[in-house]
Amino acid sequence: MAEEVETSLLVIVVDLHTRQRYLRQQPSQMMHVLDSVVTLANMHLMLKTKNKVAIVGCNAARSDFIFCDTDAIQPQSSQGQSGNSTQRQSDGQYEVFAHLEAMVKQNMKKFSSDEKSGFFDDRDGESLIAGALTLSLCYINRINREKPTGEKLNSRLLIVTGCAGGASQHMAYMNVFFTAQKQNIVLDVCSLDYELGLLQQGCDITGGLFLKIPQLQGLLQYLLWVFLPEPPIRKKLVLPPPARVDYRAACFCHRNLIDIGFVCSICLSIFCKFSPICTTCNTVFKPPTSLVPKKKKKTNKSV
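Below: a short report on this structure.

Conventions adopted
Residues numbered from 1 in each chain as written. Predicted model: local features only at pLDDT ≥ 70, side-chain atom pairs only at ≥ 80, totals over all residues. Heavy atoms only, no water. Helix = DSSP H or I, 4+ residues; strand = E, 2+ residues; numbered from the N terminus. Buried < 20%, exposed > 50% of the residue type's maximum accessible area, 1.4 Å probe, protein only. Contact = heavy atoms within 4.5 Å. Areas by Shrake-Rupley, 256 points an atom, 1.4 Å probe, with all protein chains shown as cover. Pairing = 2+ DSSP bridges. Axes fitted to C-alpha atoms, helices over the stretch in contact; angles between N-to-C directions. Parallel < 35°, antiparallel > 145°, perpendicular 65-115°, else oblique. Left-handed = near helix turned anticlockwise from the far one by under 90°. Nonpolar A, V, L, I, M, F, W, Y, C, P; charged D, E, K, R; others polar. Expected span 1.5 Å × (residues − 1).

This next bit is on the overall build of the protein. Across its full length, the protein holds 10 helices and 10 strands. Per-residue burial for the protein yields a buried fraction of 40% across its 303 residues. Intrachain contacts of the protein at a sequence separation of at least 6 include 66% that bridge at least 24 residues. Accessible surface, the protein: about 17,900 Å² in total, of which carbon and sulfur atoms supply 54%.

Pasting the structure below:
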């Protein structure tokens, strides 16, 4: 019998929202983050010839691929090569790496056009990371379905973000986390600015790693040290200790994290205050006895 061939698929979700705090302070850091992500993708491809990589970008307006397997470079004849490709090869850069870098820079234009056209004006708008994760899971499912017989595909997700929010996408996040857990897909998160309690839950559910980097200048070193090794190899490495996970849920009414609340028995929606009608499924509830004012008993005074 032929031996089973193992391949690894790494899908990187990059938050490209220009109103992240670290980008408001230094807009030039965007290229530093992208260069680090591209280097990580190239290093992942170098580990095995069968390895695959995809990069998904997202902001407050859209989530879309900026590189995927369908953009992989195709063999070209010597007569059909462009002058630019010949120049890059003469520089000694591997053709696949040069193509990946070029595709990322080319597809970045559709995200920058959103900013210039004023597609979204909400300064507090959250990046559509949950949508990007959903897109990534669909892509992994397609690659897994199309893989040749006798090939085992190990898939994992990596989020690189500096956003602080996430409570408004709580339900979408939870759907993604448990879907990834069911499909044995590991979710890792590299936070550039904040301690993200919701994404920490996703890492803990799927068996991934959460890391808030202390300095943005060392992003590439942390990506290669912590997130480049496969999950089975990480057990043999000395990695940063796991952070304490905050498992508080976000209420559906105000999107705030709460310790104690009210849960709809039909759709499991969470509310910080009692509501006689569930705003999600429109189920009508009776108020709990503790909230109903007790009627005072009338006492007959004797004359």
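Reading across from one edge, β3-β2-β1-β4-β5-β6 is the order of the six strands in this open sheet, with mixed pairing throughout. The open sheet is flanked by β3 (63–67) and β6 (210–212), the only strands paired with a single partner. Strand-to-strand, the axes of this sheet are offset by a mean angle of 20°, without reference to chain direction. Here strand β4 (residues 151–161) runs beside strand β5 (residues 186–191); their pairing, made up of six bridges, is parallel. The residue bridging Thr-161 from the neighbouring strand is Ser-191, located in β5. Contacts between helix α2 (residues 29–47) and the sheet are confined to β1 (5–15), β2 (52–58) and β4, with β1 contributing the most and set at about 175° to the helix. The sheet contacts of helix α8 (residues 197–206) involve β4, β5 and β6, and relative to β5 the element is tilted by about 150°.

Most of β4 is tucked away, with nine of its 11 residues classed as buried. Taken together, the 10 bridges between β1 and β4 define a ladder with parallel strand orientation. When the sheet's bridge partners are listed, Thr-7 is paired in β4 with Leu-153.

In this section: the side chain of Ser-136. Residue placement: Ser-136 occurs in helix α6 (residues 129–146). You can call Ser-136 buried: its relative accessible area is 0%. Leaving out residues up to four positions away in the same chain, Ser-136 has contacts with Val-11, Val-13, Val-56 and Leu-157.

This part takes up unusual backbone geometry. We note that Asn-184 has phi near 60°; this positive angle belongs to a residue other than glycine. Exposure remark for Asn-184: the relative accessible area of 67% places this residue in the exposed category. For Asn-282, which is not a glycine, the phi torsion comes out positive at approximately 65°. Assessed through its relative accessible area of 56%, Asn-282 is described here as exposed.

It is the contact of helix α7 (residues 170–182) with α8, at a shortest axis distance of 9 Å, that shows an interaxial angle of 15°. In terms of their interaxial angle, α7 and α8 are classed as roughly parallel. In the crossing of α7 with α8, the sense of the turn from one axis to the other is right-handed. Mapping the contact onto sequence places His-170, Tyr-173, Met-174, Phe-177, Phe-178, Ala-180 and Gln-181 in α7 and Leu-198, Leu-199, Gln-201, Gly-202, Ile-205 and Thr-206 in α8. Here the residues of the contact of α7 with α8 sort into eight nonpolar, five polar and no charged.

Another aspect to go through is helix α4 (residues 95–107). Across its 13 residues, α4 extends 18 Å between first and last C-alpha, which sits within 8% of the 18 Å expected from 1.5 Å per residue. For α4, the set of buried residues is Phe-97, Ala-98, Leu-100, Met-103, Val-104 and Asn-107.

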